[in-house]
Every structure is written in C-alpha cells, then in structure tokens.
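# Residue-level structural notes
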Amino acid sequence: MSNAQQRKHATRKSTLHRLRVPQGEGVGLRDLVRDRYLESPDHTVRDFTAEGIEGLLVTGGVPRERADWCTAVEAITGLEVSERSHSAAGLIVMRTERGLYALSYGVGHHMLDPSHRDDDFGLEFATRSLDEDGVIKVRNQIMDGRGRVDEYSVARGERIDGFGLDRIGAIVRRLCGTVSGIPLTSVRNGKAHQVKVECATSTIKLPLATRPEDFLSDLRAIEEICARPEALPELRFVDRVRTLAPSGRKAEEAKAALERLLADPESPRLALSVPESCLEAFGSAQAFRLTRPNHGRQEVTDLDLSALLRFVGDEDEGDRLKALGEVRVTLYADDDCRTPASSATRGSEWLIADVPVDAHRYFYGQGKWYEVGTEFLQTLEEELRELLARRGTVTLPPWPKGELDSKRRDTHDEAWYNKKVAKQQGYTLFDKKTIVTGRYNGGGLEICDVLGPEGELICVKKASQTASLNHLFAQGVVAVETLRTDLEVREKFRAQVAARAGSDSVPEDLGALRVVFGILLKDGHDVTVDSLFAFAQVSLLNAARRLRAMHAEVEVIPIRR
C-alpha cells in the first residue's frame, strides 16, 4: 500500500461506545455481547490482541435470499424482482488500560448487551467539546408525557442559543456539530482543523484512527475531554436532565429502588401526576374507575395515590411496577361512572417518583426515567424563589381549623373557606359554578374558586400532599387555555360573571388574565422552595411557564392558619 493510501485509510468514521460493569464485578468480553449473536451460525466470533488492546471481534449479518421489499415492487410494477439482502454487522469489544469500549459498524450496535452501555458517554463528550458556533443538529424529547421528539438542523454550525430550545421542558437526546482543538488523528494528519461528531446519549460517531497506537491516542484525547468537571457554559443545561434507556444499568438500579418505594403509599417520594391525555378532563371529572384484570375494580370520587397503589400492594418486590402498568384508570363526568370523560390510561402513567440511588437522583414520570443533575435543581429553585417572592395583588384571609363533623372531618373545608374569601368586598364566589358544554360530555369546567376584584382567577387548595397541588396547578392552566380557545366557554363565563358580579367585573381581555394560587400547607406553613416537595416545585414552575406563554400572570399566595 502506498503512503498516500495509508494516509487515506488512517481514519474511518466509527461509532464508539463506553461500557460499564457493576463495581467489583469481573466481566469477560463475551459477557458484553448478546448471547444470540455469540451462538448464531450467521456470525463469527474471534479473539484478538493488539498493542495495548485485548479484544473480541464479532462479524456477520442476516442473509436473505430475497429482500422483503421485492413482493411490493412486483405488485406495483408487474415485473419479476428477486434481489438478495444482507444486513452486515461488525462489533469490536475491547479492554484497554482506560476501560471497556466497543466500536460498531453497520448494525453492529444491536449485538451489544444494552445493560452495559454507559448512558453518559456521548453527551458528556458533546457538552465539553462542541465549538461554540458549531452546533448543527439538536434532537429533544419533550417532557410533557406525549413522547414527542423535536429535531432542529441547520446547514452550517451556529450557537445553541439560535435553536430556541426550552432549557427546562426539553431533554436533549442528540447533539451534532464540529469540534476543534482536540489532538485527534483525523485533525493531525489532515488539513482540517475541526471534525464533525454525532453524539447520542451513549455513543460518539466520529473519524477514529485505524492503527492501534493512533486509536489509543484518540481514545485518550476523548477521555480527557470527558474528564473535564464542567460542561461548556452554553451547554450546561444539557447535563441537568437526561433520559435513561429503559434497559440500561442506571434505569435498572432506579427501578429496583422504586420497587421498594411502591410498598409504602405514604412515601413522600411518590405522587400522582395527571397524564397529558387526561389534563383537560381532570378538572371536571366527578369520578374515577380503576381496574386491573383478575384483581377487581374500584370507583372513587377523588383519585389519590393509595387508591392507585392498592392494586400493587400484595405484589412481590420486582413485580409492582409491572402490575401498576396493568391497571387502567378512566375519568368520568358523572358520579355513577356512566359517562366517560377520558379514554383508559395505564396506572403507571399517573405515577411520578423521586428516586435516590446513592449520590444519584432519578425521576420516574409517565412511564419514563430521567436523571436529574444538581445544576437543573439549582435553576429550578432560583426560578421558584423569584416567583414566590412576588407580592400578591389579592387578599386571602386566614383559614382556621373548624369543629369535626360526625366523620371526623374538618368542617372548615375548601367550600367553607371559598365562601369566606368571597365575602370580601369585590370578590365573587365561583366554587362549583361549572360551565357546561357539549365538549365536556355532560360534565362541566370550573374556571376558578373565587373571582377577584380585578378579574383575578383565584384557585384555592388545602394541600396535605403533592397530588393536591398538581390538581390545583392543572386547574389554572386548563381554565386559561379553555377561555382563550373555546368561544362557547368564554361567552358562558362572561355571562356568569355579569350575572353574579356585575358587568363591571367582566375582564375585558380574557387572553391576558391573572391566575392566583392560594395554598394552605400543613399547619399554615409558609410556601417556600423548602416547604414544597420536588414534584410540586416542578409542577408549579411548568404551570407558571405555560400560563405566561398564554399571557397570563401568575401569583402564589400562602394562606395562614
């Protein structure tokens, strides 16, 4: 081979994986590959050694005498077609002085056992190496329960700010762009001063050296980048929240911790969250039906965590989350569960959990796992402190305890308190004054509990757990969304206000409202970042952002005892 050919073939674009095994456990290279490929007659498995590398090579594919698209082509054209197909796969699993790695080619990544992937590797490299103005593609998963994925691409690199990303509500899953100033073989041996890289959660795709000594040099350069303690300032938000692959090591550890938490319905680390598909109907739902095959059903007027977890309490550890996925939850617009207000949803879609595992912190929400970094929490707390520090524009009187009724319930309930608020000059009671339209299948929508003197939508909640606050924040969001988008609801609400509070109290612009969340915490504690549990913090901030996006101001007022 000539010198020119050697230079040409000195690097090749490859997909690099970093692999992990539980601390203290020995592992053979074959343990990192799925058994089916080690045993397949269509694949060849060979050991090798090179300078500084102990490795395993797996190559092969699935040959087809006739490609599966031939039949469709024949049907369309009327011509006989018979073409062979072969999905080639190559995988190198290796042990170096730096750790365990893999290189995959074609569909070779399918051969790796996913439980050993390092889900931090790709984005760890990207957030510490991408050129400031070199971002070419961003792929996000939106944290709204719909499983939506957005992708943004540009022809030439630009700053991450130019993509207009929501830095809290979106989780970056892939970053592509250019890197420069790194001593990679592809830069040293060529005229280019930068290379393009594609980084997903657990992989980096970039030109890598094909000679062992140069490959190890490239690997050292990559690991030195990953070892930097801080991401680049403009990309630090990427490190704050990451999705976890469901079959990855971290997700398995988090699942095991969640299984233990599910044995205690009173755990402060568990809460309910309304799935996106039920958010609109939740505010007007009068009853909930929970069913699980061969385990009966339960109908409740207030859905709480204990009702949901009743179906999994008798399961052994390891089976509880699976059992929760078998539960079906349906909302109804009437008390006798005859008029569904939603389609059935899985019980696991209603659960959110704050799961600590050693020094790591994970969130389970609507069937997916997320890892949350400390910087995300700091950003969250800063925004909440700013929101909670604002002075309220309405007056909410103290909420004293009342006498207990025959069922040992406090007679000073929310209905009693809302009437007390509405006795103030300029305030009007709207608690249980629902707006009924055909859209709600016989049910109705409660816009607010009390209307303030300047048209403020005041929503009140006595909150003993996070689920109550989730309900409160959802009520405010749904009320504003519906008033802005549903003409029939808007006109009926105007008529209600005019009839009950007088025409002067009808807000002129229902698209620019003020929503007030009045919250009574246990024993009248102040509403602070520290007194709100993590789920309530996230729920409040998401609600505030959605309301601001609809030009609605947000206030949070603590109610005293």
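Residues numbered from 1 in each chain as written. Predicted model: local features only at pLDDT ≥ 70, side-chain atom pairs only at ≥ 80, totals over all residues. Heavy atoms only, no water.

Counting through the fold element by element, threonine 345 comes out in strand S16 (residues 345–346). A relative accessible area of 4% places threonine 345 in the buried class. As for threonine 345 and glycine 325, which are separated by 20 residues in sequence, their C-alpha atoms are 9.2 Å apart. Residues in contact with threonine 345, not counting those within four places in the same chain, are Ser277, Cys278, Val327, Arg328, Val329 and Trp350. One polar contact links threonine 345 to tryptophan 350, side chain to side chain, over a distance of 2.7 Å. (Helix = DSSP H or I, 4+ residues; strand = E, 2+ residues; numbered from the N terminus. Buried < 20%, exposed > 50% of the residue type's maximum accessible area, 1.4 Å probe, protein only. Contact = heavy atoms within 4.5 Å. Polar contact = N/O pair within 3.5 Å; in protein donor to acceptor, adjacent residues only side chain to side chain.)

On to the confidence of the model for the protein. Looking at the protein, pLDDT values average 85 and 89% of them are 70 or higher. When mean pLDDT is compared element by element in the protein, helix H12 (residues 414–422) scores highest at 95, while helix H1 (residues 3–8) scores lowest at 49. In this model residues 4–8 is a low-confidence stretch, pLDDT under 50, and it forms one contact with partners more than four residues away in sequence or in other chains. (pLDDT = per-residue confidence, 0-100.)

Counted according to the given criterion, the structure contains six aromatic pairs. A ring pair is formed by tryptophan 399 and tyrosine 417, whose centres lie 4.3 Å apart and whose planes are at 5°; its orientation type is stacked. Taken together, the residues span a long stretch of sequence, with tryptophan 399 in the loop between helix H11 (374–388) and H12 and tyrosine 417 in helix H12 at a distance of 18 residues. For tryptophan 399, a relative accessible area of 0% gives the class buried. (Phe/Tyr/Trp six-rings, centres within 6.5 Å; stacked < 30°, edge-to-face > 60°.)

Once that is clear, we can look at the sheet that holds strand S14 (residues 297–300). Spatially, the four strands line up as an open sheet ordered S14-S13-S15-S16, and their pairing is antiparallel. If you trace the sheet from one side to the other, it starts and ends with S14 and S16, each paired once. (Pairing = 2+ DSSP bridges.)

With that out of the way, let us pick up a positive patch on the surface. Side chains of Lys419, Lys423, Lys433 and Arg500 sit close together on the surface and give a patch of like positive charge. For arginine 500, the location among the structural elements is in helix H14 (residues 487–501). The partly exposed category is assigned to arginine 500, whose relative accessible area is 40%. (Patch = residues over 30% accessible without salt bridge, like charges linked within 9 Å, V, L, I, M, F, W, Y side chains within 5 Å. Areas by Shrake-Rupley, 256 points an atom, 1.4 Å probe, with all protein chains shown as cover. Salt bridge = Lys/Arg side-chain N within 4 Å of Asp/Glu carboxyl O. Lys, Arg positive; Asp, Glu negative; His and termini not counted. Charge placed at Lys NZ, Arg CZ, Asp CG, Glu CD.)

Attention shifts here to the side chain of arginine 292. Mapped onto the elements, arginine 292 comes out in the loop between strand S13 (287–291) and S14. The exposure class of arginine 292 is buried, given its relative accessible area of 7%. Within the structure, the side chain of arginine 292 is placed 3.0 Å from the backbone oxygen of phenylalanine 311, a separation counted as a polar contact. A polar atom in the side chain of arginine 292 sits 3.0 Å from the side chain of glutamate 326. With residues up to four places along the chain from it excluded, the contact list for arginine 292 reads Phe311, Glu315, Ala323, Glu326 and Val327.

Here the focus is the pattern of salt bridges. Tallied over the full model, the rule gives 33 salt bridges. As a salt-bridge pair, arginine 18 and glutamate 124 come within 2.9 Å of each other at their nearest N and O atoms. With arginine 18 in strand S1 (residues 11–19) and glutamate 124 in helix H4 (residues 121–129), this residue pair connects regions lying 106 residues apart in the sequence. Under the relative-accessibility criterion, arginine 18 is labelled buried at 5%. Residue class for glutamate 124 comes out buried when judged on its relative accessible area of 17%. Note that arginine 159 and aspartate 161 form a salt bridge whose closest N and O atoms lie 3.4 Å from each other. The partly exposed category is assigned to aspartate 161, whose relative accessible area is 44%.

Taken in spatial order, the five strands of this open sheet run S20-S21-S22-S23-S24, and their pairing is mixed. Where the open sheet ends on each side, the last strands, each with one partner, are strand S20 (428–429) and strand S24 (553–558). Relative to strand S22 (residues 457–462), strand S21 (residues 450–451) is paired through two bridges, and the arrangement is antiparallel. Pairing of valine 450 across the sheet is with isoleucine 458, part of S22. Strands S20, S21 and S22 of the sheet are contacted by H12, whose axis makes an angle of about 145° with S22. (Axes fitted to C-alpha atoms, helices over the stretch in contact; angles between N-to-C directions.)

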